[in-house]
Structures are given as structure tokens and as C-alpha cells.
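Each chain, written out:
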Amino acid sequence: MTKTCLVCNAAIDPFMSFGQMPQANGFLLPDDFQDEYLYDLQIGLCDQCGMVQLTERVEPDRLFHENYAYFSSISTRMEAHFEDFAADVMARYVPKGNPFIVELGSNDGILLRHFSQAGVRHLGIEPSANVAQVAVEKGVNTRCAFFEETVARDIVVEYGQADVVMATNVMCHIPDLDSAVQAIRLVLKPDGVVIFEDPYLGNILEKTAYDQIYDEHVFYFSLTSVQHLFRKHGYELVDVAPQNVHGGSMRYTIAAQGQRAVSQAVTEQLAWEGGEGLTCRETFDAFRRRVEHSRDALVKLLQRLARRRARVVGYGATSKSTTVTNYCGITPDVVEFVSDTTRGKQGKFTPGAHLPVRPYADFSANYPDYALLFAWNHADEIMAKEKEFRDAGGKWIIYVPEVTIL
Ligand code: TMP
Ligand code: ZN
């Protein structure tokens, strides 16, 4: 069956398949192993609009629900990031008077709580009831819903239009992105701004970070593709800023065409993308070859360690690691268990690969020889706090940007 671009409807030929995959956050119990939901994880580039995207998708209500496993406030680094983000938005884009701001996918309120504390009128739209509840308990005004046109219209009736619409690690999750932008148009004041952040395609390619590719990430944005999408709706990029979170993200600021000055950062980054071939098929064929090479190196290393009977434990049962464990065929006989601080994941098994997830105490009470750093995007924070593991002779295995023992 021909695949078509979700943004412009052009035909897409996938450049890579990772094979059958479970849901990245589908942690489960042995009783459910038999019925595990699988789909074909494939990714393609649209030649027409430059959007890199999944060509098979999992229905959103399978992914985001009352048992969503991911809480944004899991690390001090992320808390600090969102605090800075809030301060920047307040200083640059929240006007005086009686401003109103909206966040799409506000999760546990990690960003909006700063606006709440500053007394700024705000509303978070969050489809996963369990994380939304945590935000409400923090004093964040939250509505449990998927953001769409009807919701946008309701918001305008109730609160008026917004000065700022924000989203972090959310836009790339919305399959019907065109409608979402249409709904943003309804909710945003004509002179308002949209500010969103997502993992950046430039970083994924540069670091061979193929584990960013999984069901929830429908899109892999570049400035080129974001510009194309928003221009259809009368908007343009006015600023961009790279962010050192989630392995390399980009913050995009968008306003109605001609409304605000376009920063030099936009012009420069677009030129960089042109030079890097971010819309060229060959770039992605080369990426696929690097991914295959990375997989082979990791499998070889883990097999070698298993033959030596070294103990290897995974660190962080991340969504991203689902792609790695399944694509590389990592089984419990090479990785004993995965340590994770999220209660809801502990005692369950990782999707597809079925590695046991255990509390952090199981890691710290009996250090393994090697810790396979699935949460590599938090490497600085984790390595700094795990000095004792190093002192006890423990070693880290990382695979982004290359398979390395540290
Ligand atoms: P993320 O990479 O999608 O942000 O998810 C990080 C996962 O790793 C999350 O399940 C929590 C877990 N984690 C730990 O177990 N220990 C840590 O020190 C950190 C930072 C995260
Ligand atoms: Zn397209």
C-alpha cells in the first residue's frame, strides 16, 4: 500500500524499517505477553515538504490514557530546563495586562506550574488523566482532552484567545498535525506566538540517535518541514534555539507572517539544514547504514560480555530503549534487568524484549559489572550521581553517538 505524507499527502517511500515493534511505553505483565500489540516501525521522508515521519501509526488513544507511564518531572535537569523556559517566555512573550497562555500536552504541570505561581491565567490540555491529575494537584489549571478544533473553540468561549500557545515534546506526537495547527490558529490571538520544542532531526542524524524513532514520535522535525507546515496556515518561523535536552531538541517560535522580525538564527539554521542535506534521500540512506552498524556493534559487545558472564543491567526503562532492545534483539540473558525510578514501571517487563524492570535499589544494592545507559539523554546527571558505581569498578555502556564503554 502506498504511504502518504500526513502533512501534504504526497507519496512516501520509507527509507528504513525496524521490523515489528511493541508500543514504546507498553510496559506489561507476563499474562499479557501473548496479546502484546505490535506494529511495523517504518520511517520515511516526504520529498515534497521535507517532513520525516512514521509511515505506520498506532492510534493515539492506545498511547495516551489514564495509565500513561511517562511523567515529565522525573529529573532535576528537566525541572531546571522548564523553569528557564518559563522565565524566558514570561520575559519575551507574555504581555502586561491580563495575559492568557495555553499549553498542549501539559503532562504533570512541569512547565505551567511556573505560570500558575506567577499568577498568569493559563490552561493545560492533557489527554492522559493520571498525569493531568498530578498537575491539578500542583495548582495547574488542566483540562483532560486531546487538543482539537472543538476543544479550541471551547477554550476561546471560556477564556478568550491566548497570547502564547506552548507545547514541549507534544507536536511531534500529533498525527493530524495539520488540524492541530488549524486548532492553534483558532485559539491564538492574531499577534500571539506559538512556541514548541521537540527532538531535532539534525541531532538525530548527527548522533545516529535512532532510538528517538518510536510510535509516539510520529514526526522528526527540521526547520524546513516546520516552516512548510506553518506557512500553509499563514504563519512563519521567527526564532529558533537549540536545546540540550532529550538528546538534542529545537525550540521553534512561530508568529503570523509579517507580524514579527525573523531572527538571524532562523536564517542560519535553515542554511545549515540545506548544507547537511536534511531533505535528501541519500542523507537518510547513509543514516540507515550507520544505524545498522550501531546495532551490530551493540549486539556483538553484549554477546561478548554474556560469554564472559559479566553482569549487565539497563539503566532507565526509557521509551526510547524499546526501539533499541527490540531492534537489537536484547534478551534477559544478556541484560539481567532494567533499573528505573518510576513506580508504575517497576515490577513490569519492558515492551517486546520483556526485560524485568526493577527499582533503583536493586541496582545500587548489588552493582553490576556494566550499566547499559538507556537514559543516555540524562548522561551528565546520571554519571555525576553514580560515582560510587564507578568507584566500585562499574562501567557504562553507551550507544549514542557510538557504541562505547566508559
Ligand atoms: P526519558 O529518557 O524519556 O526522559 O525517560 C527517562 C526514564 O529513566 C524514566 O523512566 C525515569 C528513568 N530514570 C531513572 O531511572 N533514573 C534516573 O536517574 C533518571 C534521570 C531517569
Ligand atoms: Zn509532505
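All of these numbers come straight from a predicted model, not from anything done at the bench.

Right, let's get into the sheet that holds strand S14 (residues 312-315). On the basis of which strands lie adjacent, the open sheet formed by 6 strands has the order S16-S15-S14-S17-S18-S19 and mixed pairing. Each of the sheet's edge strands pairs with one partner strand only, and the pair in question is strand S16 (357-358) and strand S19 (404-405). Of the strand pairs in this sheet, S14 and strand S15 (residues 338-339) are connected by 2 bridges, and their pairing is parallel. Its bridge partner being in S15, glycine 314 is matched across the sheet by valine 338.

This part is about the domain arrangement of the protein chain. Interfaces are frequently sized by the accessible area removed from exposure as the parts join. Domain boundaries assigned for the protein chain yield domain 1 (3-54), domain 2 (72-258) and domain 3 (283-405). Computed over C-alpha atoms only, the centres of domain 2 and domain 3 are separated by 30 Å. Across the boundary between the two partners, domain 2 contributes 18 residues, which contact 20 residues of domain 3. Here domain 2 meets domain 3 over a buried area of about 1,800 Å², counting both sides, of which 65% is carbon and sulfur. On the surface where domain 2 and domain 3 come into contact, there are 0 salt bridges.

Sheet analysis places strand S17 (residues 370-373) next to strand S18 (residues 395-398), joined by 3 bridges and oriented parallel. Bridge pairing in S18 places tyrosine 370 opposite lysine 395. Where S18 lies against S19, 2 bridges are found, and the strand directions are antiparallel. Within S19, the residue paired with isoleucine 397 across the bridge is isoleucine 405. What sits between the antiparallel neighbours S18 and S19 is a turn of 5 residues.

Cut-offs and rules
Residues numbered from 1 in each chain as written. Chains lettered and ligands numbered in written order. Predicted model: local features only at pLDDT ≥ 70, side-chain atom pairs only at ≥ 80, totals over all residues. Heavy atoms only, no water. Pairing = 2+ DSSP bridges. Helix = DSSP H or I, 4+ residues; strand = E, 2+ residues; numbered from the N terminus. Domains from an automatic or database assignment. Contact = heavy atoms within 4.5 Å. Buried area = accessible area lost by both parts, 1.4 Å probe. Salt bridge = Lys/Arg side-chain N within 4 Å of Asp/Glu carboxyl O.

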